[in-house]
Amino acid sequence: MPSATSILSVRDLHVTFSTPRGPLYAVQGISFDLGEGETMGLVGESGSGKSTLALGILRLLPLNGKWTAKSISVMGQDVVSMSERDLNSAVRWTKLAYVPQASQNALDPLYRVGDQFVETVAAHAKVEREDVLKKAGTLLEQVGVDPAKLQSYPWELSGGQKQRVMIAMALILEPKIVILDEPTTALDTIIQAQILELFKQMRSFQKLSSIFISHDISVISNIADRVGVMYAGSLVEMASVSDIFKNPIHPYTQGLRESVPDVRKNKPISFIPGTPPDMVNPPPGCRFHPRCPYVQEVCKKSDPPLLPYPGDHYAACHFAERWVKQ
Ligand SMILES: Nc1ncnc2c1ncn2[C@@H]1O[C@H](COP(=O)(O)OP(=O)(O)OP(=O)(O)O)[C@@H](O)[C@H]1O
Ligand SMILES: [Mg+2]
């Protein structure tokens, strides 16, 4: 998926975890480009590999995770062969920041919030403590947290405040790209709406490019320009938000869309029947075939590649042509 102004480009990323049952194929050959200033939403059921994709790009996988990729280019620089040290000093946080899933728990309860900002910066750049605290205060204000909280311990903050602190912390070294992993999950709907609003503002202040991960397609529709849909470790569809909603090609995306309740139309909620596959023993052929209402013989044997269709729309389905709007 080439993009003239690609700021992050991933080619053929695979991640495998070793488990007592054998290798678990969590990410299976993902390629995409993130455009400059673009917000790409990443959706998919629990276990589809969204977090693993983010951790693979950043090379922050747990010890039992192994990755390979043809290339991962961050602002034009290939990081695949970069040493851990160079990656830390020149890429992570400074160019590409990550707000991990359940990040409200990532703050250390023993240290004041301000000290954690100072620590984060000190690991990547030489900046005076007072300057870090001043900037952290400004960022906290922007995310709607009283800068006085820099003096607080994390346990004195609410879940929503901690989540905002983590977003502010990810932005302190002025990265150009940020990956946010489920930043609104586990927050109540009012705080969730506030965080989405805040993120939209931050995005325009800081001219950020971002990947916004969520299993909630309605959150993604609110925030993203383009959407990548993951199923069982692969990208099965990628298109603009409006195409994903109005003209989904992949039967899995069609099912995801149907599972969003529509209060205005009083439409009943439908769910995709079946369960996600076991990624130690994934089904042969198209991994969605056991749950696909349109399954044919070919789907059980051959894995369809992600192919381009008109309108910068990509899908991996043997019968994509059926749903392509000309
Ligand atoms: N450290 C690990 N060891 C073994 N398997 C793992 C490990 N981390 C993740 N997995 C497996 O990899 C697959 C992808 O997990 P991942 O956490 O990326 O999914 P996800 O899409 O982020 O799900 P969620 O929406 O629940 O956050 C799952 O099958 C998961 O069980
Ligand atoms: Mg996850």
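Residues numbered from 1 in each chain as written. Chains lettered and ligands numbered in written order. Predicted model: local features only at pLDDT ≥ 70, side-chain atom pairs only at ≥ 80, totals over all residues. Heavy atoms only, no water.

Asker: Explain the coordination of the magnesium ion (ligand 2) to me, and be specific about the residues and the numbers.
Answerer: Listed as protein donors to the magnesium ion (ligand 2) are S51 (OG) and Q101 (OE1); their distances from the metal cover 2.0 to 2.2 Å. In this pair, S51 sits in helix α1 (residues 50-58) while Q101 sits in the loop between β7 (96-99) and α3 (113-122), placing the two residues 50 residues apart along the sequence. Judged by its relative accessible area of 42%, Q101 falls in the partly exposed class. (Donors = N, O, S within 2.8 Å, 3.2 Å for Na, K, Ca; no water. Helix = DSSP H or I, 4+ residues; strand = E, 2+ residues; numbered from the N terminus. Buried < 20%, exposed > 50% of the residue type's maximum accessible area, 1.4 Å probe, protein only.)

Asker: Describe in detail the pattern of salt bridges, supporting the description with residues and values.
Answerer: Across all of its chains, the model carries 12 salt bridges by this definition. The salt bridge partner of D278 is R21, with a shortest N-O separation of 3.0 Å. With D278 in the loop between α9 (251-258) and α10 (297-301) and R21 in the loop between β1 (6-19) and β2 (22-35), this residue pair connects regions lying 257 residues apart in the sequence. Its salt-bridge partner being K200, residue E197 comes within 3.9 Å of it at the nearest N-O pair. Taken as a pair, E197 and K200 lie in helix α6 (residues 189-206) at a separation of 3 residues, close to a single helical turn. Assessed through its relative accessible area of 41%, E197 is described here as partly exposed. Salt bridges linked by common partners bring E297, K300 and K301 together as one network. (Salt bridge = Lys/Arg side-chain N within 4 Å of Asp/Glu carboxyl O.)

Asker: I'd like to hear about the sheet that holds strand β8 (residues 177-181), residue by residue, with values.
Answerer: As summarised here, the arrangement of the 8 strands in space is β7-β8-β9-β3-β10-β11-β13-β12, forming an open sheet in which the pairing is mixed. Edge positions in the sheet fall to β7 and β12 (307-309), since each of these pairs with one other strand and no more. Taken pair by pair, the neighbouring strands of this sheet meet at an average axis angle of 20 degrees, ignoring direction. Relative to strand β9 (residues 209-213), β8 runs parallel, the two sharing 5 bridges. Looking at the pairing, I179 lines up with I211 of β9. Of the strands in this sheet, β3 (39-43), β10 (226-231) and β11 (234-240) are in contact with α9, which crosses β10 at around 110 degrees. (Pairing = 2+ DSSP bridges. Axes fitted to C-alpha atoms, helices over the stretch in contact; angles between N-to-C directions. Contact = heavy atoms within 4.5 Å.)

Asker: Tell me about the site of ligand 1, and please be specific about residues and values.
Answerer: Around ligand 1, 16 residues are found, and the nearest of them are S46, G47, K50, T52 and N64. In this structure, S48 approaches ligand 1 through a main-chain N or O atom, which is 3.2 Å from an oxygen atom. Q101 has a polar side-chain atom sitting 2.9 Å from an oxygen atom of ligand 1. For ligand 1, whose free accessible area comes to 640 Å², the fraction covered by protein is 70%. Every element with two or more residues in the shell around ligand 1 is listed here: β1, β2 and α1. For the shell around ligand 1, the leading source of residues is α1, giving 3 residues. (Near = heavy atom within 4 Å. Polar contact = N/O pair within 3.5 Å; in protein donor to acceptor, adjacent residues only side chain to side chain. Areas by Shrake-Rupley, 256 points an atom, 1.4 Å probe, with all protein chains shown as cover.)

Asker: Break down the packing of aromatic side chains for me, with residues and values.
Answerer: Inspection of the entire model under this criterion finds 6 aromatic pairs. Each ring, one from Y231 and one from F288, has its centre 5.0 Å from the other, and the planes form 80 degrees; the classification is edge-to-face. Taken together, the positions of Y231 in strand β10 and F288 in the loop between α9 and α10 put the pair 57 residues apart, joining distant regions of the chain. What makes Y231 buried here is its relative accessible area of 3%. Relative accessible area serves as the criterion here: at 2%, F288 is assigned to the buried category. (Phe/Tyr/Trp six-rings, centres within 6.5 Å; stacked < 30°, edge-to-face > 60°.)

Asker: Summarise the environment of L208; cite the residues concerned and give the values.
Answerer: Relative to the assigned elements, L208 resides in the loop between α6 and β9. When its relative accessible area of 1% is taken as the criterion, L208 is described as buried. Sequence separation between L208 and G37 is 171 residues, and the spatial gap between their C-alpha atoms is 5.4 Å. When residues no more than four places from it in sequence are discounted, the contact partners of L208 are G37, E38, L171, P175, K176, I177, V178, M202 and R203.

Asker: An account of the side chain of Q192 is needed here, citing residue identities and associated values.
Answerer: Here Q192 lies in helix α6. Among the polar contacts listed, one links the side chain of Q192 to the backbone oxygen of T184, at a separation of 3.4 Å. With residues up to four places along the chain from it excluded, the contact list for Q192 reads T184, L187 and V219.

Asker: Residues and numbers for the packing of helix α5 (residues 159-171) against α6, please.
Answerer: Relative to each other, α5 and α6 sit at 15 degrees, their axes nearing to 11 Å. The angle between α5 and α6 places the two elements in the roughly parallel class. Here α5 runs over α6; the crossing is right-handed. Residues G160, Q163, R164, I167 and L171 of α5 lie in contact with α6, whose contacting residues are I191, Q194, I195, L198, M202 and Q206. (Parallel < 35°, antiparallel > 145°, perpendicular 65-115°, else oblique. Left-handed = near helix turned anticlockwise from the far one by under 90°.)

Spatial relationships are all this shows, so hold off on functional conclusions.
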